[in-house]
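Working through the structure, step by step
What follows is each chain in one-letter form.
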Amino acid sequence: MAPKENFTKEEWTLLLESPMIAGMAITAADPSGLWGLLKESFAGGSALSRAITGTDTNALVKAVVTDFSTAEGRVAARDGLKAKFAGSQPADLKKKSIESLRQVSALLDTKAPGDAPAFKTWLQQISQSTAEAATEGGGLFGLGGVQVSDAEKATLTEISTALGT
């Protein structure tokens with residue numbers, strides 16, 4: 001595993017932000033109201049919980065999640081996200097999220113090539129579970145909607161391309 005010390009503070013913050021960014025791209029692609037937003041947010045949080053307790057979790061993923069579980073890690077990620085996405089509209093959020101995931105991919109390929117495939121797959125899984133978390137479209141409570149909208153499917157493809165997965 002590439003240790004935290006191999007990364008600059010800014011690079012490590014980008015890695016800390018990346019699970020949230022992977023989910024944000026999907027949420028921004030097809031906003032689904034308050035209930036959908038809560039479900040999609042919960043999907044990302046669940047991925048973090050599974051990663052920290054998983055026995056087969058990649059070491060770099062576990063290091064990022066462990067650091068994120070500290071107050072300092074959460075503040076770094078929150079402040080980084082605020083700076084990156086301040087004043088953005090949903091379309092801008094998606095575009096900036098995809099670009100950030102491209103940066104994560106390049107960073108991993110350069111500084112952690114042994115961990116890159118597992119980390120990228122983890123981010124792709126977060127995006128997929130976020131997309132599947134809430135029914136899109138339809139009427140009251142999403143009845144009659146679809147599990148993954150066309151906009152979310154297209155964004156999943158963009159994320160996969162950005163990550164090189």
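Residues numbered from 1 in each chain as written. Predicted model: local features only at pLDDT ≥ 70, side-chain atom pairs only at ≥ 80, totals over all residues. Heavy atoms only, no water.

A few words on the nonpolar core. Most often, soluble globular proteins have nonpolar side chains that are buried together. Counting residues in hydrophobic clusters, the biggest one holds 38 residues, and the most contacted among them are Phe 7, Leu 15, Leu 60, Leu 108, Phe 119, Trp 122 and Leu 123. At the level of elements, helix H1 (9-29), helix H2 (33-53), helix H3 (59-68), helix H4 (71-85), helix H5 (90-111), helix H6 (116-133) and helix H7 (150-163) are the ones that each hand at least two residues to this core. Not counting residues within four places of it along the chain, the set of residues in contact with Trp 122 comprises Pro 19, Ala 47, Leu 48, Ala 51, Val 61 and Val 65. (Core = buried A, V, L, I, M, F, W, Y, C linked by side-chain atoms within 4.5 Å. Buried < 20%, exposed > 50% of the residue type's maximum accessible area, 1.4 Å probe, protein only. Helix = DSSP H or I, 4+ residues; strand = E, 2+ residues; numbered from the N terminus. Contact = heavy atoms within 4.5 Å.)

As a further point, take the packing of aromatic side chains. Counted under the stated rule, the structure contains 2 aromatic pairs. Between the aromatic rings of Phe 7 and Trp 12, the centroid separation amounts to 5.7 Å while the plane-to-plane angle is 50 degrees, which identifies the pairing as tilted. Taken individually, Phe 7 and Trp 12 each receive the classification buried, so the pair is uniform in this respect. Where Phe 119 meets Trp 122, the ring centres are 5.4 Å apart and the plane angle is 75 degrees; that geometry is what we call edge-to-face. In this pair, Phe 119 and Trp 122 are both assigned in helix H6, 3 residues apart and thus about one turn of the helix distant. A residue is classified by how much of its surface remains accessible, and Phe 119, at 0% relative accessible area, is buried. Of the residues examined, Trp 122 reaches a relative accessible area of 8% and is grouped as buried. (Phe/Tyr/Trp six-rings, centres within 6.5 Å; stacked < 30°, edge-to-face > 60°.)

So, on to the pattern of salt bridges. Overall, the coordinates contain 7 salt bridges when judged by the stated rule. Notably, a salt bridge pairs Arg 78 with Asp 79, separated by 3.1 Å at the nearest N-O pair. A relative accessible area of 45% means that Arg 78 is categorised as partly exposed. Salt-bridge contacts for Asp 109 lead to Lys 120; the nearest nitrogen and oxygen are separated by 2.7 Å. In this pair, Asp 109 sits in helix H5 while Lys 120 sits in helix H6, placing the two residues 11 residues apart along the sequence. (Salt bridge = Lys/Arg side-chain N within 4 Å of Asp/Glu carboxyl O.)

Honestly, that's just the spatial picture; any functional story needs more than this.
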